[in-house]
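# Observations on the three-dimensional arrangement
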Amino acid sequence: MKIAFFDTKPYDKPSFEKFGAQYNVKFKYFETKLNEDTAELAHGFDGVCVFVNDTVNAAVIDRLCAMGVKVVALRCAGFNNVDMKYAFGKIHVLRVPAYSPYAVAEHTMAMLLTSIRRIHKAYIRTRDFNFSLNGMTGFDLHGKTVGVIGTGRIGRVFIDICRGFGMKVLAYDKFPYEGLDNGDTIRYVPLEELFYNSDIISLHCPLTDDTKHIINENSLAKCKRGVVLLNTSRGGLVDTEALLAGIKSRKVGAACLDVYEEESDIFFEDYSGHIIEDDTLARLISMPNVIVSSHQAFLTEEALSNIAQTTVENITGFFATGQCANELCYRHGAAADCKDGKCF
Ligand code: NAI
């Protein structure tokens, strides 16, 4: 099998080369992202392998199909960058539903601790031999209430970590996870109640029509003054202008963002020598109580290896049998995993 690999970064190659060699899948690595202008590069390939900021819209799908490309293998869990409705019946879309929920959940907690204990400030201060503690007062996590929106694989690991810190959990999910609510320290509540009562809010749901801008002016108005917002899920879950206004008005005490609504042209690239055109991002980064990482939460050795192995197994399994347990399907009007012709 020959697969065109888009948006290649140096850290992608070692694990894909390892598992590609094992399963006889040949990757051709392109640094460019997949979009209408670059789809032509997939000519002569059996499939394309793409990541979160590649564009798989109707135009790209049409070009891929016209060139005989059979498969879009996502090397990620989220698929909001794929027009699933349009893809249905035209091209097969495979994904990696889980590779390390620990990587993302642990990064979320790392960002939270960094923010509220001012570790980012301390690091810079002590390197300059400034040992003053002024402005460094944090707060205990113990006894605080964290609102977790989305209690899937990552959300549940994050809840476990929070419980280790002695926090109370208010959870919200469109499809609650059976057995998670213990009626005491972890409770499912309506979204409104979560907004009203959480000291910290962490987003772990996918980006869908339902969840776009789930954090907006209205929801922020319901939050406690000083609420800490964590987003390691997808940028579009947060209305960034509303967040910025919330930070300026001091309603939002701190924000930790691993994802950003307009990240696709910026994140993963080195712009240190450039003038950033995105004023909203620049303003956010200028705030002392905002921490931004560039979609880094997944980036652990374990996750990279799992991603490569599952992607390669998805591709080989699909070409061997015409089916794949990690195929996404749109048969019932919403994207779902598809196994043996059944959607889950
Ligand atoms: P998952 O599919 O296991 O869990 C998602 C949960 O969200 C499910 O329980 C689902 O019922 C719930 N959900 C769906 N619609 C909802 C709605 N309208 N309101 C509330 N909850 C809703 O997914 P997983 O593995 O936990 O990943 C969660 C998200 O994390 C992914 O969608 C992806 O966007 C993001 N992610 C970010 C990464 C990063 O590097 N920053 C890496 C991997 C995933």
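Sequence order as written defines the numbering, with residues in each chain counted from 1. Only residues with pLDDT of 70 or above have their local features reported here, since the model is predicted, and side-chain atom pairs are shown and tallied only from 80 upward, although totals for entire chains, interfaces and linings are computed over all residues. To obtain the side-chain values, all non-hydrogen atoms of the structure were included, while hydrogens and water were left out.

## Side note on the overall build of the chain
Cut-off, in case you're wondering: Here a strand is any run of E in DSSP of at least two residues, a helix any run of H or I of at least four, and the numbering for each starts at the N terminus. To get the radius of gyration, use the C-alpha atoms; to get the globule rule, take the number of residues to the power 0.38 and multiply by 2.2 Å. Categorising residues by exposure relies on relative accessible area from a 1.4 Å probe, with only protein chains included: less than 20% of the type maximum marks a residue as buried, more than 50% marks it as exposed, and the intermediate range marks it as partly exposed. Contacts between residues were defined by any pair of non-hydrogen atoms, one from each residue, lying within 4.5 Å. What sets the accessible areas is the Shrake-Rupley method with a 1.4 Å probe; for residues, cover comes only from the shown protein chains.
When you go through the chain residue by residue, the secondary structure sums to 11 helices and 15 strands. Relative to its length of 344 residues, the chain is compact, with a C-alpha radius of gyration of 21 Å against a globular reference of 20 Å. In terms of overall dimensions, the chain has a C-alpha envelope of 60 × 50 × 35 Å along the principal axes. A burial count over the chain gives 49% of its 344 residues as buried. Restricting the contact set of the chain to residue pairs at least 6 apart, pairs at least 24 apart contribute 65%. By element, 51% of the accessible surface of the chain is carried by carbon and sulfur atoms, the whole surface being about 16,700 Å².

## Some details on the sheet that holds strand β7 (residues 168-172)
So the rule is basically this: Two strands qualify as a pair provided DSSP detects at least 2 bridges between them. Between N-to-C directions, angles span 0 to 180 degrees; the directions come from axes that are lines fitted to C-alpha atoms, helices contributing only their stretch in contact.
The 7 strands lie next to each other as β8-β7-β6-β9-β10-β11-β12, forming an open sheet whose pairing is parallel. Edge positions in the sheet fall to β8 (186-188) and β12 (290-292), since each has one partner strand and no second. Neighbour-to-neighbour, the strand axes of this sheet turn through a mean angle of 15 degrees, independent of strand direction. The strands that helix α4 (residues 101-116) touches are β9 (200-203), β10 (227-231), β11 (252-257) and β12; relative to β11, the one it contacts most, it runs at about 140 degrees. Against the sheet, helix α9 (residues 240-248) contacts β10, β11 and β12, and its axis sits at roughly 140 degrees relative to β11.

## A word on the domain arrangement of the chain
Put simply, the test is: These domain boundaries are the output of an automatic or database domain assignment. Here the quantity called buried area is the accessible surface, traced with a 1.4 Å probe, that two parts lose on coming together, added over both.
In terms of domain boundaries, the chain breaks down into domain 1 (2-99 + 300-337) and domain 2 (101-292). Computed from C-alpha coordinates alone, the two centres of domain 1 and domain 2 are separated by 29 Å. Summed over both partners, the interface of domain 1 with domain 2 buries about 1,000 Å², with 52% contributed by carbon and sulfur atoms. The largest per-residue losses of area from domain 1 upon contact with domain 2 belong to K9, N53 and N80, which jointly make up 41% of the total buried on that side.

## A few points about α4
Helical geometry note: an α-helix holds 3.6 residues per turn, so side chains three or four residues apart project in the same direction. Quick reminder of the rule: Multiplying 1.5 Å by the residue count of a helix minus one yields the expected span of that helix.
The first and last C-alpha atoms of α4 sit 23 Å apart over 16 residues, in line with the 22 Å expected at 1.5 Å per residue. Buried within α4 we find P101, A103, V104, A105, H107, T108, M109, M111, L112, S115 and I116.

## So, the site of the ligand
In plain terms, the rule: Definition of nearness: a residue and a molecule or strand are near each other if at least one heavy atom of the residue lies within 4 Å of the molecule or strand. Between N or O atoms, a polar contact is any pair within 3.5 Å; within protein, one atom must be a potential hydrogen donor and the other a potential acceptor, and residues adjacent in sequence are included only when both atoms are from side chains. Charged means Asp, Glu, Lys or Arg here, nonpolar means Ala, Val, Leu, Ile, Met, Phe, Trp, Tyr, Cys or Pro, and polar covers whatever is left, Gly included.
Taken together, 23 residues are adjacent to the ligand, and Y99, R153, I154, D173 and T232 come closest. Take D258: an N or O atom from its side chain is 3.0 Å from a nitrogen atom of the ligand. Against a free-state accessible area of 860 Å², the protein chains account for coverage of 87% of the ligand. Among the residues making up the shell around the ligand, the classes are represented as 9 nonpolar, 8 polar and 6 charged.

## Quick word on the packing of α4 against helix α6 (residues 153-164)
Using the following cut-off: Orientation is classified from the angle alone, with under 35 degrees giving roughly parallel, over 145 giving roughly antiparallel, 65 to 115 giving roughly perpendicular, and any other angle giving oblique. Here is the rule for handedness: rotate from the far helix to the near one, and if that takes an anticlockwise turn smaller than a right angle the crossing is left-handed, while a clockwise turn gives right-handed.
Between α4 and α6, the least distance of the axes is 8 Å, while the angle of their chain directions is 50 degrees. Classed by the angle they form, the pair α4 and α6 counts as oblique. Remark: the crossing between α4 and α6 carries right-handed chirality. For the pair formed by α4 and α6, the contact residues are P101, Y102, V104, A105, E106, T108 and M109 on the first element and R153, I154, V157, F158, I161 and C162 on the second.

## Observations regarding the packing of aromatic side chains
Threshold: What counts as a ring pair is set by centres within 6.5 Å for rings of Phe, Tyr and Trp (its six-membered ring), and what kind of pair is set by the plane angle: stacked under 30 degrees, edge-to-face over 60, tilted for all other angles. Any Lys NZ or Arg CZ that is within 6 Å of a ring centre and within 35 degrees of that ring's normal is treated as a charge sitting over the ring.
This model, assessed by the stated rule, comprises 12 aromatic pairs. Here the aromatic rings of F5 and F27 are separated by 5.7 Å at their centres, their planes lie at 85 degrees, and the arrangement is edge-to-face. Placement of the pair is F5 in strand β1 (residues 2-5) and F27 in strand β2 (residues 26-29), with a sequence separation of 22 residues. Accessibility assignment for this pair places F5 and F27 in one class, buried. The structure contains a cluster of three or more aromatic residues connected by ring pairs, namely F5, F16, F27 and Y29. Directly above the aromatic system of Y86 lies the positively charged group of K90, at a separation of 3.8 Å from the ring centroid. Between R156 and the ring centre of Y177, over which it is positioned, the NZ or CZ distance is 3.6 Å.

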